[in-house]
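Examining the three-dimensional arrangement
Here is what each chain is made of, one letter per residue.
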Amino acid sequence: MIDTAADGLLFESLRADALTSPDQLRELYEQPNENALRKEIDHLTEETRALIGCSSLMFIGSADAEGRADVTPRGGPAGFVSVLDERTLVIPDATGNKRLDTMHNILQTGRVGLLFLIPGRPTTLRVNGRACVSASPELLAQLTPVGKPPVAAIVVQVEQAYPHCPKSLMRANAWRPEQWLPADAQPTSAEVTLAQLNLPGLTIEQIEEIERESLRTRYE
């Protein structure tokens, strides 16, 4: 039984006997089949370019120079990510919280991992590669705005393109509303935010009003 009494030390206790080498990890799993390896390529095919053109939701993974990782969602009209050629795609900046975590990470490490999804469909596409942040007016003019015109864009050079099997989305019942939890089974966004901010005097009603206003002016 895992001892959780020492607050903050649980991770260290679990890490003490964690795996430390690829050989140890591989002992637990069979080798991947040939197709699982072969379907990773270094460019976008006509089919994966079409898939990106259908995607209205994606996730960007990045890390800073010290290895602190971050994953953030991006959404827009289908095809909001532009494919310039078989090895280059561009993600327009969209109005958000203005923390710019992803772009700060790219400036430090020059790398990203992308996961493209199509709502209602089980297909996903993973793309990894080099990245930079561009504010070129000529480039920005070619992009599909997500709300107002983008101030900057993330340019990605494709090094790995890998279509995933649909098992994860099927296991999650991601696109099956009849399997979703009822709304009152989880904390609301306002409740989560209130707990995170932990500011004396701040009420749930105030947070809800801030959220409504933020969504109303989401393109500003």
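Please refer to the structure higher up on the page.
First, a word on what this report is: a plain description of the structure on this page. These numbers come from a predicted model, not from an experiment.

Topic: the packing of helix H8 (residues 189-197) against helix H9 (residues 204-216)
Running from N to C, H8 and H9 point in directions that differ by 115 degrees, and their axes come no closer than 9 Å. In this structure, H8 crosses over H9, and the sense of that crossing is right-handed. Contact with H8, carried on its side by Ser-189, Ala-190, Glu-191, Thr-193, Leu-194 and Leu-197, involves Ile-204, Ile-207, Glu-208 and Glu-211 of H9 and no other residues of that element. Grouping the constituent residues of the contact of H8 with H9 by class yields five nonpolar, two polar and three charged.

Comments concerning the state of the cysteines
The full count for this structure, using the stated rule, is zero disulfides. With no disulfide partner, Cys-165 has as its closest neighbouring cysteine sulfur the one in Cys-54, 20 Å distant. On the basis of relative accessibility, which here comes to 40%, the residue Cys-165 falls in the partly exposed class.

Brief notes about helix H5 (residues 101-109)
Among the residues of H5, Thr-102, Met-103, Asn-105 and Ile-106 are the ones counted as buried. In a view along the axis of H5, the buried residues occupy a sector of 155 degrees, so they form one face of it. Where the residues of H5 are buried, they touch strand S1 (57-63), strand S2 (69-75), strand S5 (111-117), strand S6 (124-134) and strand S7 (153-164). At the exit of H5 stands Gly-110, carrying a positive phi of roughly 70 degrees.

Quick notes on the nonpolar core
Grouped together as the largest cluster of nonpolar side chains are 24 residues, with contacts concentrated most on Leu-89, Ile-91, Leu-114 and Phe-116. Breaking this core down by element, the ones donating at least two residues are helix H4 (46-54), S1, strand S4 (88-92), H5, S5, S6 and S7. Examining the composition of this core, we find that four residues originate from one element, S7, more than from any other. In contact with Leu-114, other than residues within four places in its own chain, are Met-58, Phe-59, Ile-60, Leu-89, Ile-91, Leu-125, Arg-126, Val-127, Asn-128 and Val-156. Core analysis: the second largest hydrophobic core is formed by six residues, Val-90, Leu-139, Ala-153 and Val-155 among them.

Some thoughts on the pattern of salt bridges
Scanning the model with the defined rule gives nine salt bridges in all. Notably, a salt bridge pairs Glu-66 with Arg-68, separated by 3.0 Å at the nearest N-O pair. Like Glu-66, the residue Arg-68 is exposed in the burial classification. Look at the salt bridges and you will find they share partners, linking Asp-42, Glu-86 and Arg-87 into a network.

As for the pairing of S7
Where S4 meets S7, five bridges bridge the pair, whose relative direction is antiparallel. Bridging across to S7, Leu-89 finds its partner in Val-156. Pairing between S6 and S7: eleven bridges, direction antiparallel. For Arg-130, the partnering residue across the bridge sits in S7 and is Gln-157.

About the cut-offs
Residues numbered from 1 in each chain as written. Predicted model: local features only at pLDDT ≥ 70, side-chain atom pairs only at ≥ 80, totals over all residues. Heavy atoms only, no water. Axes fitted to C-alpha atoms, helices over the stretch in contact; angles between N-to-C directions. Helix = DSSP H or I, 4+ residues; strand = E, 2+ residues; numbered from the N terminus. Left-handed = near helix turned anticlockwise from the far one by under 90°. Contact = heavy atoms within 4.5 Å. Nonpolar A, V, L, I, M, F, W, Y, C, P; charged D, E, K, R; others polar. Disulfide = S-S within 2.5 Å. Buried < 20%, exposed > 50% of the residue type's maximum accessible area, 1.4 Å probe, protein only. Arc of directions from axis to C-beta. Core = buried A, V, L, I, M, F, W, Y, C linked by side-chain atoms within 4.5 Å. Salt bridge = Lys/Arg side-chain N within 4 Å of Asp/Glu carboxyl O. Pairing = 2+ DSSP bridges.

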